[in-house]
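Summary of structural features
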Amino acid sequence: MSDVLVTELEDFLLVTSLTSEQVLRTADIVDARAILITNGKQPQERMRSLAQHQTMPIMVTPLTTFDTCRALADCKKQ
């Protein structure tokens, strides 16, 4: 998450395999628009609750982080 905190991007999708509420807090600080959790992991209950309160969308994919990023990059090319 420390790498995310130094990004200069805005309005982006945060792709991660982490499921703690710290991910949500980091996403909020850097103005991410949504969180995509990889590897089929489910967000922890506290993360889900906080996301509802902050209206931050959380999505889950069974793909690995690498495959998720590759698929997103392919979509961007089209």
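Values in this document were obtained by computation on a predicted structure and should not be read as measured data.

Right, let's talk about the nonpolar core for a bit. Soluble globular proteins tend to bury their nonpolar side chains together. Membership of the largest hydrophobic core comes to 13 residues, with the highest contact counts inside it found for Leu-14, Leu-24, Ala-27, Ala-32, Ile-35, Met-47 and Met-56. When residues no more than four places from it in sequence are discounted, the contact partners of Ala-27 are Leu-14, Ala-32, Ile-35 and Met-56.

Quick look at helix α2 (residues 21-29) now. Val-23, Leu-24, Thr-26 and Ala-27 are the residues of α2 that are buried. Down the axis of α2, the smallest arc covering the buried residues is 165°, so these residues share one side. Two residues or fewer after α2 comes Asp-31, characterised by a positive phi angle close to 60°.

Under the counting rule described, the total for this entry stands at four salt bridges. With a shortest N-O distance of 2.8 Å, Arg-25 and Glu-21 are connected by a salt bridge. Highlighted residues: Arg-25 and Glu-21, both in helix α2, separated by four residues, approximately one helical turn. You can call Arg-25 partly exposed: its relative accessible area is 32%. Here Arg-46 and Glu-21 are joined by a salt bridge, their closest N and O atoms 3.6 Å apart. Of the two residues, Arg-46 is situated in helix α3 (residues 45-54) and Glu-21 in helix α2; the sequence distance between them amounts to 25 residues. With relative accessibility at 25%, the residue Glu-21 sits in the partly exposed group.

Residues in a regular strand point their side chains to alternate faces of the sheet. Along strand β1 (residues 13-16), the buried face is formed by Leu-14 and Thr-16; none of Leu-13 and Val-15, which line the opposite face, is buried. As defined by bridge partners, β1 adjoins strand β2 (residues 34-37) across four bridges and the pair is classed as parallel. Across the sheet, the residue bridging to Leu-14 is Ile-35, located in β2. For the segment spanning β1, α2 and β2, crossover handedness is right-handed.

Here we come to the confidence of the model for the chain. Any region with low pLDDT has predicted coordinates that should not be read closely. Residues of the chain with pLDDT of at least 70 account for 88%, and the chain-wide mean is 90. Per-element averaging of pLDDT across the chain places helix α1 (residues 2-5) at the bottom with 64 and strand β3 (residues 58-60) at the top with 97.

Reading the values: rules and limits
- Residues numbered from 1 in each chain as written.
- Predicted model: local features only at pLDDT ≥ 70, side-chain atom pairs only at ≥ 80, totals over all residues.
- Heavy atoms only, no water.
- Core = buried A, V, L, I, M, F, W, Y, C linked by side-chain atoms within 4.5 Å.
- Buried < 20%, exposed > 50% of the residue type's maximum accessible area, 1.4 Å probe, protein only.
- Contact = heavy atoms within 4.5 Å.
- Helix = DSSP H or I, 4+ residues; strand = E, 2+ residues; numbered from the N terminus.
- Arc of directions from axis to C-beta.
- Salt bridge = Lys/Arg side-chain N within 4 Å of Asp/Glu carboxyl O.
- Pairing = 2+ DSSP bridges.
- Right-handed = clockwise from strand over helix to strand, strands pointing away.
- pLDDT = per-residue confidence, 0-100.

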